[in-house]
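# Coordinates in review
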Amino acid sequence: MKILVTGGAGFIGSAVVRQAIKQEIEVVNLDALTYAACLDNLVPVADSPLYHFEQADIRDAAALERIFADHKPDAIMHLAAESHVDRSIDGPADFIETNIIGTFNMLEAARKYWLDNGKPESFRFHHISTDEVFGSLPNDPDVMFTEETAYDPRSPYSASKASSDHLVRAWAETYGLPVVLTNCSNNYGPYHFPEKLIPVVILNALAGKDLPIYGDGSNIRDWLYVEDHADALLLVVQKGELNRSYNIGGENERTNLELVQTLCRILDEKQPRADGKSYSDQITFVTDRPGHDARYAIDPQRIRNELGWRPSVTVEEGLAKTVQWYLDNEEWWRALQNRAGVGERLGTKA
């Protein structure tokens with residue numbers, strides 16, 4: 001099997017590529033290498049004969065047509081996207097162009113390739129999305145996002161992802177393109193670009209800086225270890241039912257404050273502060289993000305019951321692995337800290 005993975009040099013995409021090659025699946029990594037991409041994420045598999053790299057932008061329709069023709073993939077896993085909510089508040093245009101127009105280009109390139117090759121029954125277009133398209137939930141453990149939850153995006157990022165989801169479903173209904181979709185909860189783990197909450201907290205803690213928490217820290221997220229997510233995605237692209245969506249969750253809800261406090265406890269154990277105090281002393285509450293959704297939580301029953309998938313780690317186990325990875329890989333994250341926006345508070349222009 002050969003899979004074309006878009007955004008394979010990003011955080012989730014690179015986890016998919018590494019896991020696919022571990023499963024002896026041939027992979028073509030299509031990535032534009034924008035600011036959050038890092039080919040160092042793929043060093044463990046870069047020399048594999050199963051790995052191929054194409055630097056291209058999904059906004060470039062001609063490049064996509066060539067890559068499809070040259071590599072002849074059996075399936076597409078479309079992960080390439082602008083993904084940071086705060087950046088979408090400051091500069092929504094990139095999110096519209098990449099997440100919507102780029103997905104349109106991918107769908108058209110895939111449709112042409114599928115038609116030109118006689119509509120092979122095994123072909124799949126797997127679109128990877130987010131739970132943020134569903135909006136915000138009340139603080140009620142009995143209320144969760146399901147695959148039937150109505151869309152209610154609240155940020156330019158989530159609106160652009162919702163738009164791309166709708167395009168994929170439309171291409172399935174109108175043109176018969178064989179698709180599967182997944183919507184996931186918040187990912188974390190090794191190789192996480194240092195602009196998101198967990199890597200920011202880890203690296204700020206080690207640098208003796210404030211640990212910023214938006215508002216009062218009561219916002220709730222379901223946390224999904226990225227390697228678990230990669231396993232689920234590869235399962236869906238191979239065994240998921242056509243024209244069906246699957247919600248992928250970590251079954252690990254925590255408030256942002258609880259999450260940061262857990263990180264501080266892990267850091268206290270693994271790399272204590274020189275003054276003997278806890279890293280939790282560095283926690284600082286900052287002005288909340290505009291339109292900050294109160295809670296996300298995924299009901300994972302469909303993927304559990306139909307495909308037999310469940311997360312392998314609790315959030316505490318996953319965070320301990322993540323902290324240790326950052327402690328062991330300083331060379332990787334040091335090289336990224338000079339990129340645009342890293343270490344700055346974004347998303348305040350609303």
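An account of the accompanying structure is given in this report. (Residues numbered from 1 in each chain as written. Predicted model: local features only at pLDDT ≥ 70, side-chain atom pairs only at ≥ 80, totals over all residues. Heavy atoms only, no water.)

## So, the pattern of salt bridges
Note on pairing: side chains with opposite charge can pair once their charged atoms come close. Spelled out, the test is: A carboxyl oxygen of Asp or Glu within 4 Å of a side-chain nitrogen of Lys or Arg is what we treat as a salt bridge. Only runs of H or I of at least four residues qualify as helices and only runs of E of at least two qualify as strands under DSSP, and these elements are numbered from the N terminus.
Applying the stated criterion across every chain, the model contains 20 salt bridges. Glu65 serves as the salt-bridge partner of Lys112, at 3.3 Å between the closest nitrogen and oxygen. Remark: Glu65 occurs in helix α2 (residues 61-71) and Lys112 occurs in helix α4 (residues 92-116); sequence separation between them is 47 residues. Here the salt bridges do not stand alone but share partners, grouping Glu54, Arg66 and Asp70 into one network.

## What to know about the side chain of His192
Let me state the cut-off plainly: Exposure categories follow from relative accessible area, calculated using a 1.4 Å probe and restricted to protein chains: below 20% of the type maximum is buried, above 50% is exposed, and the middle band is partly exposed. The contact definition used throughout considers only heavy atoms, calling two residues in contact when any of these lie within 4.5 Å.
Note on placement: His192 falls in the loop between β7 (186-188) and α6 (197-206). Assessed through its relative accessible area of 7%, His192 is described here as buried. Sequence-distant contacts of His192, defined by excluding residues within four places in its chain, comprise Phe11, Asn187, Pro199, Tyr326 and Trp332.

## Observations concerning the layout of surface pockets
Note the cut-off: Buried and open spaces are told apart on a 1 Å grid over the protein atoms alone, a cavity being a set of points where a 1.4 Å probe fits but cannot get out and a pocket being an open set with protein on both sides within 12 Å along at least five of seven lines. Residues with an atom within 4 Å of a point are the lining residues. Grid points are joined across faces, edges and corners, and a volume is the space filled by probe spheres set on the points. Lys, Arg, Asp and Glu make up the charged group, whereas Ala, Val, Leu, Ile, Met, Phe, Trp, Tyr, Cys and Pro make up the nonpolar group; the residues left over, Gly among them, are polar.
For the second largest pocket, the calculated volume is near 210 Å³. Every residue lining the second largest pocket is counted, 15 residues in all, and those nearest its centre are Glu65, Phe68, Ala109, Lys112 and Tyr113. Broken down by secondary-structure element, the contributors of at least two residues to the lining of the second largest pocket are α2 and α4. Looking at the lining of the second largest pocket residue by residue, the class counts come to 8 nonpolar, 2 polar and 5 charged.

## Re the packing of aromatic side chains
The geometry of an aromatic ring pair comes down to the distance between the two centres and the angle between the two planes. Our working definition: Pairing of aromatic rings covers Phe, Tyr and Trp, the last through its six-membered ring, and needs centres within 6.5 Å; plane angles under 30 degrees mean stacked, over 60 mean edge-to-face, and all others mean tilted. Working rule: Lys NZ or Arg CZ, within 6 Å of ring centre, within 35 degrees of ring normal, means a charge sits over the ring.
Evaluated as defined, the whole model comprises 16 aromatic pairs. Here the aromatic rings of Tyr191 and Trp325 are separated by 4.6 Å at their centres, their planes lie at 50 degrees, and the arrangement is tilted. In this pair, Tyr191 sits in the loop between β7 and α6 while Trp325 sits in helix α10 (residues 315-328), placing the two residues 134 residues apart along the sequence. The exposure class of Tyr191 is buried, given its relative accessible area of 14%. Taken together, the aromatic side chains of Phe134, Phe145, Tyr151 and Tyr296 make up a single cluster linked through ring pairs. Above the plane of the ring of Tyr175 lies Arg111, whose end atom (NZ or CZ) is 3.8 Å from the centre.

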